[in-house]
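# Descriptive structure summary
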Amino acid sequence: MAEKTTKKHEFQAEVKQVLDIVINSLYTDKEVFIRELVSNASDALEKLRYIQLTEKEIYDEELPLEITITTDDKENTITIEDHGIGMTRDDLSQNLGTIAHSGSKAFLSAVKKGGEVNQNLIGQFGVGFYSVFMVAKSVEVYTHNWTKTAKSLLWKSDGSGTYEIESAKGVRRGTKIVVHLKDEDKEFSNSERVKHILTHYSSFVQFPIKLNGEQINNIQPIWMRNKNEITDEEYTEFYKFQANAFDEPNYRMHFSSDAPIEINSLIFVPKMNPEQMGFGKVDPGVSLYCKKVLIDNKPEGLLPDWMRFLKGVVDSADLPLNISRESMQDSALTNKIGQVITGRFIKTLEDESKKNAEKYNEFYKNFSIFIKEGVAADFKNRDQLAKLLRYESSATEKDEFTTLQDYVDRTKEEQKEIYYLYAPNRETIDSGPHLEAFKAHGIEVLYLYEPVDEFVMTSLAKYADKDLVSADNSDIELEEVAAKKKKALSRKDSEALCEWIKESLGESINEVSVSKRLVDSPAIALNADKVMSPSMRRMMKAMKQGVDMKNSVNLEINTKHDLIKNLSALKDKDADTAKLVTEQILDNALIAAGYLEDPRDMVSRVYKLLEKVSEK
Ligand code: ADP
Ligand code: MG
């Protein structure tokens, strides 16, 4: 008697959850299972085509790289077969028994986050192989890995919690999936119905798809075709196919060049930003091809990291066909290709922003983080990328953007700086003391609302030969504001007061001086740290970078302000009260600047002051 090799296995817990959702909650759009199985078959063929470049010994060498689909409406089955790389016993358990792969994992985390379980979710993440259980009573996967020593295997399951793996006989290279359909899903054994589905979802597959013997797709890749012959619909369909996406592309760049390098590329900007939706850092989404052969679908070194949100294809005939993924990453040629694409892409965005600013601003709201990351980290493209930055400013309305270039165009030539201020929102900057003097001088200030923006400004350092400078920097010297014909304290009194304040405040302050920039506020706190701004310091602390939390702050006082004049007299009459007042002035200035770390002392001090005032 033949040895019984059947082994029963439990699906991993997460797989059970996915199966449960797939089987019980998804009634619409069941047909997507065909797209998922065909896309897996196509992946397996692409991997084999790549292996053929480097390996000599391949099982069933002569088999064509194609996908065959057969339907049987008597037996109620649909069978999808490919001659790709196939699977070993370990592959079967790992790939079909656990969810180590991308689609289902993201799907599950979206569901756990309270995402609505509907066909949109499947469309966005693809539940991959498991979607077959929407329509299947049971599934048999016959497979033979591409190596000559591999075994013929059969995996089967009814999707209810367990699967079995046993030895099989005479399986050809690749994978054959026999789907035994539920009675109510009989339609998927109908040849016309399946043909319709395939033409909708799978017309971009790079390998012949034969349905019951008839080839139904055109395998000329869209990125090699002439732009003028491609409709918007075709582009959109290709994007959805290639990116496994449900949304429409936001922008596209179809670009070809012959010299110095032969490149055909088709790149899309999606509408949705998955990182913004909390899915963590995404993998690069632009695949690298050489003469229509996939080299790598997530090439790490091709494009700069900040471009990982893009989807699409780069095909270069100049790449050596048998280039390995590892050597690809640091080859000078791939760098060159990457650089050409990057330059073109930035230019495309710049053009698009001029053509339709509103559309660009909408894109910017969702994707600006990538542009900013680029400015901070992509040294080569920094200056070009800076043109894509957008900020509100003291010269714009709320929700209106300016470019750095527009800022420069508006400033007088003798102004050698571009000023910015960081605060969480517009109101805080508008009402804060730092803006006062700039407003009085009619100098525009950019408004930065995210801590990362300060990193961006510090990394960029200059734009159009003008230094980027934070307006709360203590080094800035503005001409004295001549406003308000109020009398200031005498020079002697001012100096004495500054000295006295410095003495009373001690370590908590770096320097005290008479301000030239203040108009209405009694005092202002300025950042005296050359390296890091207070908000950057706070961010580093939150990231546990072991930074010393003490800000280095200079205090400037407005000697035309009544409060300061009173203080000058008070310090000689009632030093204790004057000290309380001084401490409170500092805290107020710190709050206004957004620097105050610990407000606890302030409460008891304010009570003491109130007590004194109410005595009189
Ligand atoms: P994904 O395609 O996102 O990785 P799937 O659930 O569609 O997720 O597939 C899971 C894994 O099973 C694939 O990554 C692949 O390793 C393996 N697999 C599925 N179908 C095939 C096939 N036809 N040939 C070889 N491997 C396959
Ligand atoms: Mg898949």
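Structure's up top.
First things first, this report covers the structure right here in the doc. (Residues numbered from 1 in each chain as written. Chains lettered and ligands numbered in written order. Predicted model: local features only at pLDDT ≥ 70, side-chain atom pairs only at ≥ 80, totals over all residues. Heavy atoms only, no water.)

### Considering the side chain of D60
Relative to the assigned elements, D60 resides in the loop between α2 (32–54) and β2 (67–72). One polar contact links D60 to R172, side chain to side chain, over a distance of 3.0 Å. When neighbours within four sequence positions are excluded, D60 is seen to be in contact with R172 and R173. (Helix = DSSP H or I, 4+ residues; strand = E, 2+ residues; numbered from the N terminus. Polar contact = N/O pair within 3.5 Å; in protein donor to acceptor, adjacent residues only side chain to side chain. Contact = heavy atoms within 4.5 Å.)

### With respect to the packing of aromatic side chains
The tally for this structure, following the rule as stated, stands at 24 aromatic pairs. Ring centres 6.2 Å apart and planes at 35° place the aromatic pair F367 and F370 in the tilted group. A residue pair is termed a helical-turn pair when its members lie 3 or 4 positions apart in one helix, as F367 and F370 do in helix α10 (residues 357–377) at three residues. The exposure class assigned to F370 is buried, which follows from its relative accessible area of 1%. (Phe/Tyr/Trp six-rings, centres within 6.5 Å; stacked < 30°, edge-to-face > 60°. Buried < 20%, exposed > 50% of the residue type's maximum accessible area, 1.4 Å probe, protein only.)

### Description of the nonpolar core
Counting 63 residues, the largest nonpolar core has F363 and L389 as the members making the most contacts within it. A per-element tally of this core places α10 first, with seven residues. Shared between two domains, this core holds at least three residues of each, these being domain 2 (222–359) and domain 3 (391–470). Excluding residues within four positions of it along the chain, F363 makes contact with N250, Y251, V269, F309, L349, S368 and I371. Counting 56 residues, the second largest nonpolar core, distinct from the first, contains I34, W146, L153 and I216. (Core = buried A, V, L, I, M, F, W, Y, C linked by side-chain atoms within 4.5 Å. Domains from an automatic or database assignment.)

### Section: the environment of T334
In this structure, T334 sits in helix α9 (residues 332–355). By relative accessible area, which is 0% here, T334 ends up buried. The spatial distance from the C-alpha of T334 to the C-alpha of V32 is 35 Å, given a sequence separation of 302 residues. There is a polar contact of 2.5 Å between the side chain of T334 and the side chain of S331.

### As for unusual backbone geometry
Residue P260 is reached from A259 by a cis peptide bond, and omega for that bond is -5°. Within the element layout of this structure, P260 appears in the loop between β10 (251–257) and β11 (263–269). The phi dihedral of K291 falls on the positive side, at around 45°, and the residue is not glycine. Its location among the elements puts K291 in the loop between β12 (285–290) and β13 (293–296). On the accessibility criterion, K291 (48% relative accessible area) is partly exposed. The phi dihedral of A464 falls on the positive side, at around 45°, and the residue is not glycine. Within the fold, A464 resides in the loop between β18 (462–463) and β19 (466–470).

### A word on empty space enclosed by the protein
Counted according to the given criterion, the structure contains one cavity of 30 Å³ or more. Considering only enclosed or pocket space, the largest cavity measures out at about 100 Å³ in volume. Forming the walls of the largest cavity are P284, G285, V286, P299, E300, L302, L303, P304, D305, M307 and R308. Taken together, the residues of the lining of the largest cavity sort by class into seven nonpolar, one polar and three charged. (1 Å grid on protein atoms, 1.4 Å probe; cavity = no way out; pocket = protein on both sides within 12 Å on 5 of 7 lines; lining within 4 Å. Points joined across faces, edges and corners; volume = space filled by probe spheres on them. Nonpolar A, V, L, I, M, F, W, Y, C, P; charged D, E, K, R; others polar.)

In short, shape yes, function no, at least from these values alone.
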